[in-house]
Amino acid sequence: SAGSSYSIVFVGTLLAALAQPFYLNMPAKIANTWFAVKERDISTTLCSLANPLGSALGSLIPGLIVASTGESDSNNTKYGIT
């Protein structure tokens, strides 16, 4: 039902929100623990870029995998979705 689906989405969003402070603050902790002082800037930069790059790939890859059916292509073009 719609109520249980909403509950599942809400719980998933809540779990992601609870994890966010940890993965947003981890690049500096990882750099401090694992890398020398001269390497910390680049390490922090690369670790910080992992999240947005992962999100970008997560948005891009499904579009490459899923085949269009042909019937909704005109609607997709109309709304600017390719």
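Basis of the calculations
Residues numbered from 1 in each chain as written. Predicted model: local features only at pLDDT ≥ 70, side-chain atom pairs only at ≥ 80, totals over all residues. Heavy atoms only, no water. Helix = DSSP H or I, 4+ residues; strand = E, 2+ residues; numbered from the N terminus. Buried < 20%, exposed > 50% of the residue type's maximum accessible area, 1.4 Å probe, protein only. Areas by Shrake-Rupley, 256 points an atom, 1.4 Å probe, with all protein chains shown as cover. Phe/Tyr/Trp six-rings, centres within 6.5 Å; stacked < 30°, edge-to-face > 60°. Contact = heavy atoms within 4.5 Å. Patch = residues over 30% accessible without salt bridge, like charges linked within 9 Å, V, L, I, M, F, W, Y side chains within 5 Å. Salt bridge = Lys/Arg side-chain N within 4 Å of Asp/Glu carboxyl O. Expected span 1.5 Å × (residues − 1). Bend = angle between axes of the 7 residues up to and from the residue. pLDDT = per-residue confidence, 0-100.

A. Examining the overall build of the chain more closely. Per the secondary structure count, the chain includes 3 helices and 0 strands. Going from N to C terminus, the chain has its helices and strands arranged as α-α-α. With 82 residues in all, the chain has 4% of them scored as buried. By element, 68% of the accessible surface of the chain is carried by carbon and sulfur atoms, the whole surface being about 7000 Å².

B. Inspection of the packing of aromatic side chains at higher detail. Enumeration according to the criterion identifies 1 aromatic pair in this entry. On the numbers, 6.2 Å between centres and 25 degrees between planes, the contact of Y6 with F10 is stacked. With Y6 and F10 both in helix α1 (residues 2–34) and 4 residues apart, the pair spans about one turn of that helix.

C. Spotlight on the side chain of S43. Along the chain, S43 falls in helix α2 (residues 40–65). Filtering out sequence-adjacent residues up to four positions away, S43 remains in contact with A31 and F35.

D. How the structure looks around a nonpolar patch on the surface. On the surface, Y6, F10, V11, L14, L15 and L18 cluster together into a nonpolar patch covering about 650 Å² of accessible area. Since its relative accessible area comes to 48%, F10 is described here as partly exposed.

E. Just α2, in detail. Counted at 1.5 Å a residue, the expected span for α2 with its 26 residues is 38 Å, and the 37 Å between its end C-alpha atoms agrees. A50 marks where α2 bends most, by close to 30 degrees; the proline P52 follows one to four residues later.

F. Expanded view of the confidence of the model for the chain. On average, residues of the chain score 82 in pLDDT, and 78% of them reach the 70 mark or higher. Element-level pLDDT for the chain is lowest in helix α3 (residues 73–78), with a mean of 58, against a maximum mean of 89 in α2.

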